[in-house]
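Inside the fold
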Amino acid sequence: MTTTTMTLGGALNAGLRRALEHDPKVVVMGEDVGTLGGVFRITDTLQKDFGEGRVIDTPLAESGIVGTAFGMALRGYRPVCEIQFDGFVYPAFDQIVSQVAKIHYRTAGTVTAPLTVRIPYGGGIGAVEHHSESPEVYFTHTAGLRVVSPSTPSDAYWMIQQAVALDDPVIFLEPKHRYWERGEVDTNTAPDLALTSARVTRSGTEATIVTFGALVATALRAAEIAEAEGHSLEVVDLRSLSPIDFDTIEASVRRTGRLVVVQEAPVFCGIGAEIAARTSERCFYQLEAPVLRVGGFDIPYPPAKLESHHRPDPDRILDAVDRALAA
């Protein structure tokens with residue numbers, strides 16, 4: 001076993017490098033991904049090592065980036081597009097939801113679009129709106145797209161390779177707040193977990209916390225605090241937002257009897273709403289309390305000085321847990 005300590009951003013770089021080495025049809029494209037190596041340096045040195053024909057600096061035109069990549073995918077390439085920041089994806093929204101997501105269905109399964117769109121998302125870096133948004137629900141609502149988000153360097157390394165190898169289009173959401181956090185990565189042995197599977201990252205007995213991306217570490221911190229206070233919380237990392245691994249969620253809730261869903265996006269009509277509704281249908285007789293949701297407020301992303309109040313923290317998560325336990 002070859003285990004290396006990497007940052008999440010470094011793991012993404014290594015995963016992209018391995019995908020480029022494995023398949024000559026893989027190309028990386030986006031604004032400043034070549035010479036600069038991307039705003040967050042996720043593609044650092046890739047153009048130097050693979051050339052300008054495989055790591056392509058594009059104009060500042062997200063619709064053009066995705067539209068060109070879509071055409072390349074139809075011709076047998078496996079493009080990986082980088083959107084510099086979450087809020088910049090909207091000019092490409094029409095290409096993604098009207099063309100990329102529908103081509104497989106529109107052609108009765110005869111045409112595929114093996115295209116990965118990487119989007120750094122979420123807050124916590126002191127930026128402003130259009131640089132700190134959580135647009136995942138727009139894409140999870142769109143049939144034909146897979147939507148995934150890693151929370152650890154190991155998942156980042158392996159999930160980006162799994163996404164690139166798929167014949168389906170994938171929205172790959174990268175929690176930018178965690179780019180610099182380190183973890184161990186086994187670069188030789190892939191984990192025995194499908195791209196669409198959730199993972200129980202901490203076992204517990206009294207309540208389940210379901211979350212994804214940057215907030216997995218926050219939920220684990222909340223569970224540690226709860227343990228010091230005599231409570232046992234289970235934490236489930238979704239990893240895949242579309243499809244959602246409801247079987248893992250259901251099994252956890254049947255053990256604990258309570259569920260708190262945590263997301264950084266506003267609570268209204270978010271991922272948590274779907275999980276709450278589906279879990280209430282599947283676990284009605286096992287639930288000891290209503291499913292509760294913790295998330296951002298129903299406002300545009302606030303100024304950087306206020307983002308700590310907007311993003312869920314351990315205190316807000318534990319407040320919801322306390323309400324569930326008291327029900």
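Everything below is about the structure shown above.
The following refers to the structure shown. On a predicted model such as this, the values are computed, not experimentally measured, just so you know.

Turning to the nonpolar core, a few remarks are in order. Ranked by size, the top nonpolar core spans 45 residues in total, and within it Ile96, Ile171, Leu238, Ile249 and Ile275 carry the most contacts. Residue assignment for this core shows that the elements contributing at least two residues are β2 (26-30), α3 (62-74), α4 (93-100), β5 (116-121), β7 (170-175), α9 (246-256), β13 (259-266) and α10 (271-282). Tallying contributions element by element places α3 first for this core, with six residues. A domain split of this core shows at least three residues from each of domain 1 (3-186) and domain 2 (199-326). If near-sequence neighbours (up to four positions away) are discounted, leucine 238 is found in contact with Ser197, Ala198, Val210, Thr211, Phe212, Ile244, Ile249, Ile271 and Ile275. In terms of nonpolar packing, the next biggest core, distinct from the first, is built from 30 residues, Leu16, Val55, Met159 and Ile160 among them.

For any pair of aromatic rings, the description rests on two quantities: the centre-to-centre distance and the angle between the ring planes. In total, this model carries 10 aromatic pairs according to the counting rule given. Judged by centre distance (5.4 Å) and plane angle (65 degrees), the ring pair of phenylalanine 40 and phenylalanine 85 falls under edge-to-face. Separated by 45 residues along the polypeptide, phenylalanine 40 in the loop between β2 and α2 (46-50) and phenylalanine 85 in the loop between β4 (78-82) and α4 bring together distant segments of the chain. For the pair phenylalanine 40 and phenylalanine 85, a shared accessibility class is recorded, and that class is buried. Between phenylalanine 85 and phenylalanine 88, the aromatic rings sit 5.7 Å apart at their centres with planes inclined by 75 degrees, giving edge-to-face as the arrangement. The class of phenylalanine 88 is partly exposed, set by a relative accessible area of 24%. Here the aromatic residues Phe40, Phe85, Phe88, Tyr179 and Trp180 are joined through ring pairs into a cluster of three or more.

With that out of the way, let us pick up unusual backbone geometry. Note that the residue after serine 242, namely proline 243, is joined by a cis bond; omega there is 0 degrees. If you trace the backbone, proline 243 turns up in the loop between β12 (240-242) and α9. Look at arginine 239: it is not a glycine, yet its phi comes out positive at around 65 degrees. You can see arginine 239 is positioned in the loop between β11 (233-237) and β12. By relative accessible area, which is 1% here, arginine 239 ends up buried. Residue cysteine 269 is not a glycine yet carries a positive backbone phi of 55 degrees. Within the secondary structure, cysteine 269 is located in the loop between β13 and α10. Residue class for cysteine 269 comes out exposed when judged on its relative accessible area of 52%.

This brings us to the sheet that holds β13. Read across the sheet, five strands follow the order β9-β11-β10-β13-β14 without closing on themselves; strand pairing throughout is mixed. The sheet is open, and its two edges are formed by β9 (199-202) and β14 (292-296), each paired on a single side. With direction set aside, neighbouring strand axes in the sheet form an average angle of 25 degrees. Relative to β11, strand β10 (residues 207-211) is paired through five bridges, and the arrangement is parallel. Bridge pairing links alanine 207 to leucine 233 in β11.

About the cut-offs
Here, residues in each chain are numbered from 1, in the same order as that chain's written sequence. It should be noted that, the model being predicted, local features are given only for residues of pLDDT at least 70 and side-chain atom pairs only at 80 or more, the latter also being counted only at that level, while totals for whole chains, interfaces and linings use all residues. For side-chain calculations, the full set of non-hydrogen atoms in the structure is used, while hydrogens and water are omitted. Within this scheme, the nonpolar core is defined by two criteria: the residues are buried Ala, Val, Leu, Ile, Met, Phe, Trp, Tyr or Cys, and they are joined through side-chain atoms within 4.5 Å. Burial classes: relative accessible area under 20% of the type maximum marks a residue as buried, over 50% as exposed, and values in between as partly exposed (1.4 Å probe, protein chains only). Comment: elements are numbered from the N terminus, with helices defined as DSSP H or I runs of at least four residues and strands as E runs of at least two. By convention here, the domain bounds are inherited from an automatic or database domain assignment. Any two residues whose heavy atoms approach within 4.5 Å are treated as being in contact. Pairing of aromatic rings covers Phe, Tyr and Trp, the last counted by its six-membered ring, and requires centre-to-centre distances within 6.5 Å; plane angles under 30 degrees mean stacked, over 60 mean edge-to-face, and any other angle means tilted. Two strands qualify as a pair provided DSSP detects at least 2 bridges between them. Axis definition: a line fitted to C-alpha atoms, limited for helices to the stretch in contact. Angles are taken between N-to-C directions and run from 0 to 180 degrees.

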